[in-house]
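# Geometric and topological summary
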Amino acid sequence: MESLRHEKVQKFEEFVDLRLKPDLARAVAESSDLRKNIENLEKNSVTSLRTMVNLGSEVYMQAEVPDTQRIFVDIGLGFHVEFTWSEALKFISLREEKLEREIEEYTRLIASIKAQIKLVCEGIRELLEIPAEKTVEERIF
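Every value quoted in this text rests on a predicted model; they were computed, and no experiment measured them.

Now for the UniProt feature "coiled-coil region" (unreviewed entry) in the protein chain. In this structure's numbering, the residues bearing the UniProt feature "coiled-coil region" (unreviewed entry) are residues 89–116. This span, residues 89–116, is 100% helix and 0% strand, and a straight line between its end C-alpha atoms measures 41 Å.

Summarising the element assignment, Arg 35 is placed in helix α1 (residues 2–43). In the structure, Arg 35 is positioned 58 residues away from Ser 93 in sequence and 9.1 Å away in space, judged by C-alpha atoms. Apart from the residues within four sequence positions on either side, Arg 35 is in contact with Leu 89, Ile 92, Ser 93 and Glu 96.

As paired elements, strand β3 (residues 70–76) and strand β4 (residues 79–84) share six bridges and run antiparallel to each other. Bridge pairing links Phe 72 to Glu 82 in β4. Hairpin connection between β3 and β4: a loop of two residues separates the two successive antiparallel strands, and Leu 77 in this loop has a positive phi of roughly 55°.

As a further point, take the pairing of strand β1 (residues 49–56). Bridge count between β1 and strand β2 (residues 59–65): seven bridges; the pairing is antiparallel. What sits directly across from Thr 51, in β2, is Ala 63. Count of turn residues in the β1/β2 antiparallel hairpin: two residues, of which Ser 57 carries a positive phi of about 55°.

Right, let's talk about helix α2 (residues 85–127) for a bit. With 43 residues, α2 should reach 63 Å at 1.5 Å per residue; the first-to-last C-alpha distance of 63 Å fits that figure. Turning to α2, its buried residues number three or more, namely Trp 85, Ala 88, Leu 89, Ile 92, Leu 99, Ile 110, Ile 113, Ile 117, Cys 121 and Arg 125.

A separate point is the nonpolar core. Formed by Ile 38, Leu 41, Ile 71, Val 73, Phe 83, Trp 85, Ala 88, Leu 89 and Ile 92, the largest nonpolar core amounts to nine residues. The element contributing the most residues to this core is α2, with four residues. Leave out the neighbours within four places in its chain, and Leu 89 touches Arg 35, Ile 38 and Glu 42.

Definitions and limits used
- Residues numbered from 1 in each chain as written.
- Predicted model: local features only at pLDDT ≥ 70, side-chain atom pairs only at ≥ 80, totals over all residues.
- Heavy atoms only, no water.
- UniProt positions renumbered as here; feature names shortened; annotations may be inferred.
- Helix = DSSP H or I, 4+ residues; strand = E, 2+ residues; numbered from the N terminus.
- Contact = heavy atoms within 4.5 Å.
- Pairing = 2+ DSSP bridges.
- Expected span 1.5 Å × (residues − 1).
- Buried < 20%, exposed > 50% of the residue type's maximum accessible area, 1.4 Å probe, protein only.
- Core = buried A, V, L, I, M, F, W, Y, C linked by side-chain atoms within 4.5 Å.

Shown next, in the form of structure tokens:
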């Protein structure tokens, strides 16, 4: 029973560590890169730009942007929205706030699931009249 509980908790923790945290890190890095690029454009008063564009499957092509005052930002699900620099910075801030709220929500959800698993295991232990396991501290002394 203890191993089953440990296995379930481990699966949830692996999901967080292997899926959610890398997704979050990638999203935060992309937002941070975009913010830095926009700030550099503003700081250096860049009005036109030559760049490399990823066409897919890591195939790149040179591109020229004649007017950098308006940019397209990926808002998810393959959709892009045209923003001014200030609008893009506001959107990035809102996206970062949303990601932070999602982190907090997932953290609370995981804590709740762990508590429910522990509660159910304790209930089963009581029903089966199995003595409670000693904690690590009790085992050492």
